[in-house]
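Report on the structure
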Amino acid sequence: MTTTGFRRTVVAIGVCSSLALAATACGTGDDGSASGKTRITVNCEPPRSAKVDRAFFEDDVAAFEKRKPDIDVVAHDAFPCQDPKTFDAKLAGGQMEDVFYTYFTDARHVVDIRQAADLTPYLSELKSYGSIQKQLRDIYTVDGKVYGVPRTGYSMGLIYNRALFRKAGLDPDRPPATWDEVRAAARKIAALGSGTVGYADYSAQNQGGWHFTAELYSRGGDVVSADGRKATVDSPEGRAVLRELHDMRWTDDSMGSRQLLVINDVQQLMGAGRLGMYLAAPDNIPILVKEKGGDYKDLALAPMPGGRATLIGGDGYMFNKHDTPAQIRAGLKWLDHMFLTPGKGFLGDYARARKHDAPVGLPEPRLFTGAADATDQRAKKADANVPVQNYRSFLEGNTRLRMRIEPPHAQQIYSVLDAVVSAVLTKKDADIGQLLEEASGKIDSILARS
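Below or above, wherever it landed, is the structure these notes cover. (Residues numbered from 1 in each chain as written. Predicted model: local features only at pLDDT ≥ 70, side-chain atom pairs only at ≥ 80, totals over all residues. Heavy atoms only, no water.)

Across the 11 residues of strand E11 (residues 309-319), 11 count as buried, placing the element largely inside the fold. Covered by surrounding structure in E11 are Ala309, Leu311, Gly313, Asp315, Tyr317 and Phe319 together with Thr310, Ile312, Gly314, Gly316 and Met318, the residues of both alternating faces. Of the pairings in the sheet, the one linking strand E3 (residues 99-103) to E11 comprises five bridges and is antiparallel in character. Looking at E11, one finds that phenylalanine 100 is bridged to methionine 318. With seven bridges connecting them, strand E6 (residues 148-155) and E11 associate as antiparallel partners. Looking at the pairing, threonine 152 lines up with aspartate 315 of E11. Where E11 and strand E12 (residues 402-405) come together, four bridges link them in parallel fashion. Counted as the bridge partner of leucine 311 is arginine 404 from E12. (Buried < 20%, exposed > 50% of the residue type's maximum accessible area, 1.4 Å probe, protein only. Helix = DSSP H or I, 4+ residues; strand = E, 2+ residues; numbered from the N terminus. Pairing = 2+ DSSP bridges.)

In structure tokens:
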């Protein structure tokens, strides 16, 4: 699953507009050398409706072309940036851009169907590559060859309401670190009454399966076996996730009576000050403030309870298999300029973001390491306009967690697990063992078809 937005958040992937397709194919391998320039098409330019981000993107492309007058960048916009309904068709039909956006979960698939260029011989053109977190680089590395470059990442944590914590007699500077502590805190918050919910979770539109996966990871469990062939949800860890949700819902009455919630429902509860805790990525925080009525000072983020692992996601760029060497070199230079120079570019110009009232200082997982990370963090701190102290435990706690990517065939699997989570939250007598046994069989069938 993903979150939404263009700046330092996970975004959905873009496709060529019909006008762009009429004017030129997205990824023909024609580098435009006849004009004396190397031409590259790129996607995921913010749409015109996102006026500020669109202007930033266009300004940065113009600055790049001024610095590199031998490169012509043709950007394509659309929303979402990667449409699952057309993504494979574009790849197979030769209509994908020369440099195209992918979710982390799609990287291996693009390689498996042989639609990605091997970037390994050209990595010297990407100055920032060695400074990017290895665990993120590895997502685009298959059999020792590099097929893509990460751009952003997110990890799940526990968003909580500091004001409700204080009102319930809880210490807002010591958020729950275990699932038992989450349950205990949820009981106290729900006891405040007036429709207050202690803990909320998703259970519809595949989002319940997504959160079940995150909660399973947090306890040290897994969704599929290491070889990707068998379901592993019917495990002590899987049963513990569902038992905890069942007991919070039916024994403690700390999750409220309304269920089958999706992200917007939960965000509305939190923004209205009626929810104590829920799982989310950092980019939920500005949405809670700007769209749902929340206040930055009341919103804090803690690491994933359980202490074992957290689910991560993110995005990056891959290159069309038809790209020429000149296009690959040009595309890598463009990525360095646009996204991968600490403290600069579309994602890193924090001073520009603050000037336009975009949040600066949210606790995104760090993309860089070493000196590059230090430079990026200094720039972010200098222009922070959100209460960064509210996210300290998240940043510190994440360093002790294993980072886990979503499972293969994630959306199909999440659909199966959605039914499990919704049953537990809507049926007091739900048979957890039977639900997981049946889900395992369905997941095995999904994996067998791959």
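Still to come is the rest of the account.
Two pairing modes exist for strands in a sheet, parallel and antiparallel, and in both the strands are linked by backbone hydrogen bonds. Taken in spatial order, the four strands of this open sheet run E8-E9-E7-E10, and their pairing is mixed. Each edge of the sheet is formed by a strand with only one pairing partner; in this case those strands are strand E8 (197-199) and strand E10 (299-303). Across the sheet, the mean angle separating the axes of adjacent strands is 30° when strand polarity is ignored. One ladder, built from two bridges, connects E8 with strand E9 (residues 275-280); its direction is parallel. Residue pairing across strands places tyrosine 199 opposite methionine 277, the latter belonging to E9. Lying over the sheet, helix H7 (residues 179-190) contacts strand E7 (157-161), E8 and E9, oriented at roughly 175° with respect to E8. (Axes fitted to C-alpha atoms, helices over the stretch in contact; angles between N-to-C directions. Contact = heavy atoms within 4.5 Å.)

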